[in-house]
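Structure at a glance
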Amino acid sequence: MKRLLLSCTPALPRWAGRAADEGGTCVVCQHACATRACACSYMHQKCAATYVKKFSPHCSMCQQKVQTANLDPAPEPTREERRLASEQKQLRRARDLAWRAHFHQWDVAIWPSVAHAFRFQRPSGARALFLHMSMQDYQDAFRQRHMDRGRSRDEADDFIASLLVLSREFDALSPKTRSVFHAGIVRGFAFTAQRRREAVDLEAHLRRRSGPLTPHAAEGSADALSLSDGASGAGSD
Ligand SMILES: [Zn+2]
Ligand SMILES: [Zn+2]
(Lines give C-alpha, C1' and ligand atoms only; values in the text may rest on other atoms or scores of the structure.)
(Ligands and ions follow the chains in the order given, each with its own letter.)
Protein backbone atom coordinates (compact mmCIF):
# COMPACT_ATOMS: atom_id res chain seq x y z
CA MET A 1 0.00 0.00 0.00
CA LYS A 2 2.74 2.37 0.98
CA ARG A 3 4.53 1.51 -2.24
CA LEU A 4 1.40 2.21 -4.28
CA LEU A 5 0.97 5.63 -2.69
CA LEU A 6 4.56 6.49 -3.40
CA SER A 7 4.27 5.62 -7.05
CA CYS A 8 1.05 7.62 -7.40
CA THR A 9 2.39 10.83 -5.94
CA PRO A 10 5.78 11.56 -7.42
CA ALA A 11 7.61 14.08 -5.28
CA LEU A 12 8.30 17.41 -6.96
CA PRO A 13 12.00 18.03 -7.66
CA ARG A 14 13.54 20.05 -4.86
CA TRP A 15 14.09 23.10 -7.09
CA ALA A 16 10.46 23.29 -8.23
CA GLY A 17 8.18 26.09 -7.07
CA ARG A 18 9.18 28.93 -4.75
CA ALA A 19 12.88 29.65 -4.91
CA ALA A 20 14.99 29.49 -1.77
CA ASP A 21 16.72 32.74 -2.74
CA GLU A 22 14.84 36.03 -3.29
CA GLY A 23 14.09 35.19 -6.90
CA GLY A 24 15.06 36.74 -10.20
CA THR A 25 13.61 37.50 -13.61
CA CYS A 26 11.10 35.35 -15.47
CA VAL A 27 12.86 34.08 -18.61
CA VAL A 28 9.64 34.43 -20.62
CA CYS A 29 8.20 37.85 -19.67
CA GLN A 30 11.32 39.40 -18.10
CA HIS A 31 9.41 40.56 -15.00
CA ALA A 32 10.45 39.83 -11.43
CA CYS A 33 9.60 36.30 -10.39
CA ALA A 34 10.24 34.21 -7.29
CA THR A 35 9.35 30.73 -8.56
CA ARG A 36 11.41 28.26 -10.54
CA ALA A 37 9.92 26.12 -13.28
CA CYS A 38 13.07 24.06 -13.76
CA ALA A 39 16.47 23.72 -12.18
CA CYS A 40 17.79 26.90 -13.77
CA SER A 41 14.97 29.29 -14.69
CA TYR A 42 12.38 31.49 -13.01
CA MET A 43 8.97 31.51 -14.63
CA HIS A 44 5.43 32.57 -13.78
CA GLN A 45 2.67 30.00 -14.09
CA LYS A 46 1.23 31.37 -17.33
CA CYS A 47 4.72 31.99 -18.73
CA ALA A 48 5.75 28.39 -18.03
CA ALA A 49 2.60 27.16 -19.82
CA THR A 50 3.47 29.37 -22.80
CA TYR A 51 7.03 28.04 -22.80
CA VAL A 52 5.81 24.43 -22.82
CA LYS A 53 3.24 25.11 -25.52
CA LYS A 54 5.44 27.16 -27.86
CA PHE A 55 8.94 25.78 -27.30
CA SER A 56 9.34 22.55 -25.45
CA PRO A 57 8.20 20.62 -22.37
CA HIS A 58 11.86 20.61 -21.33
CA CYS A 59 14.10 23.53 -20.51
CA SER A 60 16.60 24.19 -23.30
CA MET A 61 19.34 25.02 -20.77
CA CYS A 62 19.12 22.36 -18.04
CA GLN A 63 16.95 19.83 -19.95
CA GLN A 64 14.65 19.41 -16.93
CA LYS A 65 10.91 19.05 -17.42
CA VAL A 66 9.34 22.52 -17.08
CA GLN A 67 6.87 22.63 -14.18
CA THR A 68 3.65 24.49 -14.84
CA ALA A 69 2.02 24.20 -11.39
CA ASN A 70 2.64 25.98 -8.09
CA LEU A 71 4.26 28.99 -9.74
CA ASP A 72 3.62 32.70 -9.17
CA PRO A 73 0.98 34.34 -11.38
CA ALA A 74 2.37 36.75 -13.97
CA PRO A 75 1.99 40.45 -13.09
CA GLU A 76 -0.76 42.34 -14.90
CA PRO A 77 0.66 44.18 -17.92
CA THR A 78 0.86 47.95 -17.55
CA ARG A 79 -1.07 50.25 -19.84
CA GLU A 80 2.07 50.96 -21.85
CA GLU A 81 2.81 47.24 -22.23
CA ARG A 82 -0.73 46.60 -23.43
CA ARG A 83 -0.39 49.39 -25.98
CA LEU A 84 2.93 48.02 -27.23
CA ALA A 85 1.56 44.48 -27.41
CA SER A 86 -1.42 45.59 -29.45
CA GLU A 87 0.84 47.60 -31.75
CA GLN A 88 3.08 44.58 -32.30
CA LYS A 89 0.08 42.40 -32.97
CA GLN A 90 -1.11 44.81 -35.66
CA LEU A 91 2.34 44.91 -37.22
CA ARG A 92 2.54 41.12 -37.27
CA ARG A 93 -0.86 40.93 -38.87
CA ALA A 94 0.07 43.46 -41.55
CA ARG A 95 3.27 41.54 -42.31
CA ASP A 96 1.34 38.25 -42.52
CA LEU A 97 -1.17 39.73 -44.96
CA ALA A 98 1.57 41.24 -47.10
CA TRP A 99 3.35 37.88 -47.38
CA ARG A 100 0.12 36.06 -48.17
CA ALA A 101 -0.51 38.47 -51.04
CA HIS A 102 2.97 37.60 -52.34
CA PHE A 103 2.31 33.88 -51.99
CA HIS A 104 -0.91 34.06 -54.02
CA GLN A 105 0.95 35.98 -56.71
CA TRP A 106 3.68 33.33 -56.79
CA ASP A 107 1.22 30.49 -57.37
CA VAL A 108 1.08 30.91 -61.14
CA ALA A 109 3.94 33.32 -61.75
CA ILE A 110 6.76 31.70 -59.84
CA TRP A 111 6.29 28.12 -58.68
CA PRO A 112 6.36 26.46 -62.12
CA SER A 113 9.81 28.01 -62.67
CA VAL A 114 10.99 27.02 -59.20
CA ALA A 115 9.72 23.47 -59.74
CA HIS A 116 11.95 23.26 -62.80
CA ALA A 117 15.01 24.16 -60.71
CA PHE A 118 14.07 21.27 -58.43
CA ARG A 119 13.26 18.77 -61.17
CA PHE A 120 15.89 16.30 -59.95
CA GLN A 121 15.09 16.53 -56.27
CA ARG A 122 12.21 18.18 -54.53
CA PRO A 123 12.87 20.23 -51.41
CA SER A 124 11.66 18.47 -48.28
CA GLY A 125 10.16 21.66 -46.87
CA ALA A 126 10.39 25.43 -46.67
CA ARG A 127 13.81 25.38 -44.96
CA ALA A 128 15.30 23.15 -47.66
CA LEU A 129 13.78 25.37 -50.33
CA PHE A 130 15.33 28.50 -48.77
CA LEU A 131 18.71 26.79 -48.48
CA HIS A 132 18.80 25.52 -52.06
CA MET A 133 17.48 28.74 -53.52
CA SER A 134 20.34 30.62 -51.85
CA MET A 135 22.72 28.65 -54.09
CA GLN A 136 23.84 29.98 -57.44
CA ASP A 137 23.06 26.79 -59.42
CA TYR A 138 19.44 26.70 -58.32
CA GLN A 139 19.03 30.42 -58.85
CA ASP A 140 20.42 30.13 -62.39
CA ALA A 141 18.19 27.16 -63.26
CA PHE A 142 15.16 28.99 -61.87
CA ARG A 143 15.96 32.30 -63.58
CA GLN A 144 16.62 30.64 -66.95
CA ARG A 145 13.40 28.63 -66.78
CA HIS A 146 11.49 31.73 -65.73
CA MET A 147 12.70 33.68 -68.75
CA ASP A 148 12.03 30.67 -71.01
CA ARG A 149 8.44 30.90 -69.82
CA GLY A 150 8.37 34.44 -71.21
CA ARG A 151 8.58 36.13 -67.83
CA SER A 152 10.98 38.88 -66.85
CA ARG A 153 14.39 38.60 -65.31
CA ASP A 154 13.45 41.38 -62.87
CA GLU A 155 10.56 39.29 -61.60
CA ALA A 156 12.92 36.35 -61.05
CA ASP A 157 15.44 38.55 -59.23
CA ASP A 158 12.70 40.10 -57.09
CA PHE A 159 11.56 36.65 -56.09
CA ILE A 160 15.06 35.54 -55.09
CA ALA A 161 15.49 38.70 -52.99
CA SER A 162 12.05 38.21 -51.39
CA LEU A 163 12.86 34.60 -50.59
CA LEU A 164 15.96 35.71 -48.71
CA VAL A 165 13.88 38.06 -46.55
CA LEU A 166 11.20 35.40 -46.11
CA SER A 167 13.73 32.85 -44.88
CA ARG A 168 14.62 35.24 -42.04
CA GLU A 169 11.02 36.12 -41.17
CA PHE A 170 9.44 32.73 -41.76
CA ASP A 171 9.42 31.48 -38.15
CA ALA A 172 7.76 34.69 -36.96
CA LEU A 173 4.86 34.33 -39.40
CA SER A 174 1.55 32.91 -38.24
CA PRO A 175 0.92 29.18 -38.76
CA LYS A 176 -1.81 30.08 -41.23
CA THR A 177 0.52 32.21 -43.35
CA ARG A 178 3.19 29.50 -43.29
CA SER A 179 0.63 26.94 -44.42
CA VAL A 180 -0.42 29.19 -47.34
CA PHE A 181 3.24 29.19 -48.40
CA HIS A 182 3.50 25.40 -48.13
CA ALA A 183 0.26 24.87 -50.03
CA GLY A 184 1.58 27.12 -52.83
CA ILE A 185 4.74 25.05 -53.20
CA VAL A 186 2.80 21.78 -53.16
CA ARG A 187 0.35 23.06 -55.80
CA GLY A 188 3.19 24.46 -57.91
CA PHE A 189 5.04 21.16 -57.97
CA ALA A 190 1.89 19.10 -58.52
CA PHE A 191 0.86 21.38 -61.40
CA THR A 192 4.28 21.15 -63.01
CA ALA A 193 4.40 17.36 -62.65
CA GLN A 194 0.96 17.14 -64.26
CA ARG A 195 2.07 19.37 -67.15
CA ARG A 196 5.17 17.22 -67.63
CA ARG A 197 3.12 14.03 -67.80
CA GLU A 198 0.79 15.65 -70.33
CA ALA A 199 3.77 16.84 -72.37
CA VAL A 200 5.35 13.37 -72.39
CA ASP A 201 2.02 11.83 -73.42
CA LEU A 202 1.57 14.42 -76.16
CA GLU A 203 5.07 13.90 -77.46
CA ALA A 204 4.64 10.11 -77.54
CA HIS A 205 1.29 10.51 -79.27
CA LEU A 206 2.69 12.85 -81.94
CA ARG A 207 5.72 10.65 -82.45
CA ARG A 208 3.47 7.67 -83.13
CA ARG A 209 1.48 9.67 -85.65
CA SER A 210 4.18 11.55 -87.50
CA GLY A 211 7.59 10.10 -86.83
CA PRO A 212 10.39 12.17 -85.26
CA LEU A 213 9.19 15.41 -83.78
CA THR A 214 10.40 18.84 -84.90
CA PRO A 215 9.70 21.97 -82.90
CA HIS A 216 7.13 23.06 -85.51
CA ALA A 217 5.29 19.78 -85.71
CA ALA A 218 3.09 20.41 -82.72
CA GLU A 219 1.15 23.56 -83.29
CA GLY A 220 0.44 25.61 -80.20
CA SER A 221 2.18 23.25 -77.83
CA ALA A 222 5.60 24.83 -77.64
CA ASP A 223 5.37 25.22 -73.88
CA ALA A 224 4.26 21.62 -73.42
CA LEU A 225 7.14 20.43 -75.55
CA SER A 226 9.76 22.40 -73.72
CA LEU A 227 8.36 21.07 -70.46
CA SER A 228 9.01 17.58 -71.75
CA ASP A 229 12.72 18.43 -71.77
CA GLY A 230 12.50 18.74 -68.05
CA ALA A 231 10.60 15.47 -67.86
CA SER A 232 13.27 13.50 -69.68
CA GLY A 233 15.82 14.82 -67.17
CA ALA A 234 13.53 14.23 -64.21
CA GLY A 235 13.09 10.56 -64.95
CA SER A 236 9.82 8.89 -64.16
CA ASP A 237 7.88 11.54 -62.30
ZN1 LIG B 1 6.70 35.61 -16.63
ZN1 LIG C 1 16.27 24.99 -16.82
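Reading guide: rules and limits
Residues numbered from 1 in each chain as written. Chains lettered and ligands numbered in written order. Predicted model: local features only at pLDDT ≥ 70, side-chain atom pairs only at ≥ 80, totals over all residues. Helix = DSSP H or I, 4+ residues; strand = E, 2+ residues; numbered from the N terminus. Buried ≥ 20, exposed ≤ 12 C-beta atoms within 10 Å, placed from the backbone. Contact = placed C-beta atoms within 7 Å. pLDDT = per-residue confidence, 0-100. Core = buried A, V, L, I, M, F, W, Y, C linked by C-beta atoms within 7 Å. Axes fitted to C-alpha atoms, helices over the stretch in contact; angles between N-to-C directions. Left-handed = near helix turned anticlockwise from the far one by under 90°. Nonpolar A, V, L, I, M, F, W, Y, C, P; charged D, E, K, R; others polar.

**Description of the overall build of the protein**
Across its full length, the protein holds 9 helices and 4 strands. Taken from the N to the C terminus, the helices and strands of the protein come in the order α-β-β-β-β-α-α-α-α-α-α-α-α. A burial count over the protein gives 22% of its 237 residues as buried. The contacts in the protein between residues at least 6 apart in sequence include a share of 53% that link residues at least 24 apart.

**Quick look at the confidence of the model for the protein**
Across the protein, the average pLDDT comes to 81, with 78% of residues at or above 70. Across the protein, element-level confidence peaks in helix α7 (residues 153–169) with a mean pLDDT of 96 and bottoms out in helix α9 (residues 222–234) with 38. Here residues 1–10 is modelled with pLDDT under 50, and outside its nearest four sequence neighbours on either side it reaches 0 contacts, counting other chains as well.

**Overview of the environment of H116**
Position of H116 relative to the elements: it lies in helix α4 (residues 111–117). The exposure class assigned to H116 is buried, which follows from the 23 C-beta atoms found within 10 Å. With 25 residues separating them in the primary sequence, H116 and A141 have C-alpha atoms 7.4 Å apart.

**What about the nonpolar core?**
In this structure, I110, W111 and V114 are the most contacted members of the largest nonpolar core, which totals 14 residues. Sorting the residues of this core by element identifies α4, α5 (126–133) and α7 as the ones contributing at least two each. Among the elements that line this core, the one with the most residues is α4, at 4 residues. If we ignore the near neighbours within four places in the chain, the residues touching V114 are F142 and G188. Counting 13 residues, the second-largest nonpolar core is a separate cluster that includes C33, A37, M43 and V66.

**Things to note about the packing of helix α6 (residues 136–148) against α7**
Relative orientation of the contacting elements α6 and α7 amounts to 145 degrees, with a least axis distance of 9 Å. Considering how the two elements wind past one another, α6 and α7 form a crossing that is right-handed. Each of Q139, F142, R143, H146 and M147 in α6 lies in contact with α7, whose residues at this interface are R153, E155, A156 and I160. Of the residues assigned to the contact of α6 with α7, the class counts are 4 nonpolar, 2 polar and 3 charged.

**What about unusual backbone geometry?**
Even without glycine at this site, Q30 takes up a positive phi of about 70 degrees. The residue Q30 is located in the loop between β2 (24–25) and β3 (32–33) in this model. With 9 C-beta atoms counted inside 10 Å, the residue Q30 sits in the exposed group. Of note in the backbone geometry, Q63 takes a positive phi value of approximately 70 degrees without being a glycine.

**Quick look at the environment of V66**
Along the chain, the position of V66 falls in the loop between α2 (45–54) and α3 (79–109). With near-sequence residues (within four places) excluded, V66 lies in contact with A37, C38, A48, Y51, V52, P57, H58 and C59.

**What about the environment of T68?**
Mapped onto the fold, T68 is located in the loop between α2 and α3. Taking the C-beta count within 10 Å as the criterion, T68 has 18 such neighbours and is therefore assigned partly exposed. In the structure, T68 is positioned 25 residues away from M43 in sequence and 8.8 Å away in space, judged by C-alpha atoms. Not counting the four nearest positions on each side in its chain, T68 is found in contact with Q45, A48, A49 and V52.

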